[in-house]
Amino acid sequence: MRSPGFRRTCTTLMASALALTAVSACGSGDDGKAGGKTRITVNCEPPKSAKVDRSFFEADVKAFEKQNPDIDVVPHDGFPCQDPKTFDAKLAGGQMEDVFYTYFTDAKHVVDINQAADLTPYVKDLKSYSTIQQQLRDIYTVDGKIYGIPRTGYSMGLIYNKKLFEKAGLDPEKPPATWEELRAAAKKIAALGNGTVGYADYSAQNQGGWHFTAELYSQGGNVVSEDGKKATVDTAEGKAVLQNLKDMRWTDNSMGSKQLLILNDVQQMMGSGKLGMYLSAPDNIPILVKEKGGNYKDLALAPMPGGKGTLIGGDGYMFNKKATPAQIKAGLMWLDSMFLTPGDGFLGDYARAKKNDAPVGLPEPRLFTGAADAKDQQVKKANANVPVENYQAFLDGNQNLDMKIEPPQAQQIYSVLDGAVSAVLTKKDADIDKLLKDASGKIDSILARG
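From a predicted model like this one, the values you see are computed outputs, not experimental measurements.

Novice: Account for the state of the cysteines, with residues named and values stated.
Specialist: Using the criterion set out here, one finds one disulfide in the structure. C44 shares a disulfide with C81; S-S distance 2.0 Å. Looking down the S-S bond of the C44 and C81 bridge, the torsion is 60 degrees, so its handedness is right-handed. One end of the pair, C44, is in strand β2 (residues 37–45); the other, C81, is in the loop between β3 (71–77) and α2 (84–92), with 37 residues separating them in the sequence.

Novice: How would you sum up the nonpolar core? Please name residues and give values.
Specialist: In this structure, Y199, F212, L245, M277 and I443 are the most contacted members of the largest nonpolar core, which totals 75 residues. Beyond its immediate sequence surroundings of up to four residues, L245 is in contact with Y199, D201, E215, M255, V421, V424 and L425. F57, Y101, Y129 and F346 belong to the second largest nonpolar core, which has 53 residues in total.

Novice: Account for the layout of surface pockets, with residues named and values stated.
Specialist: Rolling a probe over the atoms, with the probe sized like a water molecule, indicates the empty space that remains. Computed from the structure, the second largest pocket encloses a volume of approximately 370 Å³. Residue lining of the second largest pocket: 19 residues in total, with Q133, Q135, R366, Q399 and M403 positioned closest to the centre.

Novice: Tell me about the pairing of strand β7 (residues 148–155), and please be specific about residues and values.
Specialist: For β7, the buried fraction is high: eight of the eight residues fall into the buried class. Pairing geometry for β7 and strand β12 (residues 309–319), over seven bridges, is antiparallel. Residue pairing for β12: T152 is matched across the bridge by D315.

Novice: Could you give an account of the packing of helix α8 (residues 236–251) against helix α16 (residues 410–426), naming the residues involved and the relevant values?
Specialist: How two helices sit against one another is set out by the angle between their axes and by the gap between those axes. It is the contact of α8 with α16, at a shortest axis distance of 8 Å, that shows an interaxial angle of 30 degrees. With respect to their mutual orientation, α8 and α16 come out roughly parallel. For α8 against α16, the interelement crossing comes out right-handed. From α8, L242, L245, K246, R249 and W250 reach across to α16, where they touch A420, V421, V424, L425 and T426. Classifying every residue of the contact of α8 with α16 gives seven nonpolar, one polar and two charged.

Novice: Account for the packing of α16 against helix α17 (residues 432–449), with residues named and values stated.
Specialist: Interaxial distance between α16 and α17 falls to 9 Å at its minimum, and their mutual angle equals 175 degrees. By the criterion of interaxial angle, the relationship of α16 to α17 is roughly antiparallel. On the side of α16, the interface is formed by Q412, I413, V416, L417, A420, A423 and V424, while α17 contributes I432, L435, A439, K442, I443, I446, L447 and R449. Within the contact of α16 with α17, the residues separate by chemical class into 12 nonpolar, one polar and two charged.

Novice: Give me the sheet that holds strand β8 (residues 157–161): which residues, what numbers.
Specialist: Within a sheet, neighbouring strands are paired by backbone hydrogen bonds and run either parallel or antiparallel to one another. Taken together, four strands build an open sheet; the order of strands is β9-β10-β8-β11 and the sheet is mixed. The sheet is open, and its two borders are formed by β9 (197–199) and β11 (299–303), each paired with just one other strand. Strand-to-strand twist of the sheet, defined as the mean angle between neighbouring strand axes without regard to direction, takes the value 25 degrees. Where β8 and β11 come together, five bridges link them in antiparallel fashion. Within β11, the position partnered with N161 by the bridge is L299. Sheet contacts for helix α6 (residues 179–190): β8, β9 and β10 (275–280); angle to β9, the most-contacted strand, approximately 175 degrees.

Novice: Now, about unusual backbone geometry: what can you tell me, with residues and values included?
Specialist: Look at the link from E364 to P365: it is a cis peptide, with omega at 5 degrees. As for its placement among the helices and strands, P365 is situated in the loop between α13 (350–355) and α14 (370–382). Here the phi dihedral of Q205 falls at roughly 55 degrees; this positive angle occurs in a residue that is not glycine. Examined against the element boundaries, Q205 turns out to sit in the loop between β9 and α7 (207–218). The phi dihedral of N206 falls on the positive side, at around 75 degrees, and the residue is not glycine. The topology assignment puts N206 in the loop between β9 and α7. Owing to a relative accessible area of 18%, N206 belongs among the buried residues under this scheme.

What counts and what doesn't
- Residues numbered from 1 in each chain as written.
- Predicted model: local features only at pLDDT ≥ 70, side-chain atom pairs only at ≥ 80, totals over all residues.
- Heavy atoms only, no water.
- Disulfide = S-S within 2.5 Å.
- Helix = DSSP H or I, 4+ residues; strand = E, 2+ residues; numbered from the N terminus.
- Core = buried A, V, L, I, M, F, W, Y, C linked by side-chain atoms within 4.5 Å.
- Buried < 20%, exposed > 50% of the residue type's maximum accessible area, 1.4 Å probe, protein only.
- Contact = heavy atoms within 4.5 Å.
- 1 Å grid on protein atoms, 1.4 Å probe; cavity = no way out; pocket = protein on both sides within 12 Å on 5 of 7 lines; lining within 4 Å.
- Points joined across faces, edges and corners; volume = space filled by probe spheres on them.
- Pairing = 2+ DSSP bridges.
- Axes fitted to C-alpha atoms, helices over the stretch in contact; angles between N-to-C directions.
- Parallel < 35°, antiparallel > 145°, perpendicular 65-115°, else oblique.
- Left-handed = near helix turned anticlockwise from the far one by under 90°.
- Nonpolar A, V, L, I, M, F, W, Y, C, P; charged D, E, K, R; others polar.

Any functional reading would require information beyond the geometric quantities listed.
Below, the structure is given as structure tokens:
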């Protein structure tokens, strides 16, 4: 659901002003040779309006080409990096770049419609591949074949305001570990008055369904069955999610009277110091500070309440099915250089990021394992410019959670679940059993259509 965008939290920047740039001759209709060089087109270059990220990206491409004079990299910019409205059309029309950006939830779909190159014979030459977390690699592995390379990963947690915790008599070093504790904390924070809201949640534009999914995972439930054919929301866990929201909204009055909120609404509330807690990934924190008026020292991160699971997401790159072996090899080398070198490159040059006042020290993305992860974390820690101690609970707690990816047909399912979430937050007499039964039937129909 989240739009990771570029390097670090460009998520809301330029969103209303920019669209995915239309390109011609993006795909590999030829052999990729130009002037004796292997030519590859790549997407997700930051637009010119994102000046710092754009300059970093261009500098890194030039450095790569200097090290590999036989490769010509042709970037295409755009925001968002993938527009769901044009994604399938570009694939079907042969207009997709040789190396193209995807969300984790796209992987199987791109393979199913036969638009992805099989990378299995080539990843042995990708030196970083074995260092990437296995669960992230598995996302791009379909029927035993590798079709993509992860670039970033995130997991949902609980952002909370330490200052409000203290004012409400709560221990800011002991965030809620269960939904019962969260409910109690939200009630105390809301009791501070003056428009203060204890806990806020999304309930519109598919974002309510996205958070329902995360909350269901935290309770140990699933949105769909393991085989992806049936809905599994009409369960005790599903009822617990909606009942908790309903109780906080109507019994405790800890969620405020304004509902049908979306991401920007909640960020505004948190940035202004009027919100105690909401669910999010770590990338929200810099937005809260740089765009919404928040302060790094007041914002902390905890793992998902419930202790059973959390929603994970992220992005990576896949290759056009028409890409030649030479283009695939060149593209993998480019990915290694740009995104998969611990402590270096577009995502990992923390010293450069710090020098340009970009946040360094957030607990994610956590892409690597073993020695590669240790090196990446060492360089990050050495250049940290945010209070890393505020995120330690998140890091520690995540070690014990079941990491679950978004369901198939995610956006359609989220649209259905939006209705259930918005109902319990706007109607005091909402019938939870009926809402879940109706949602289950609609999701079954979505899954049946494939």
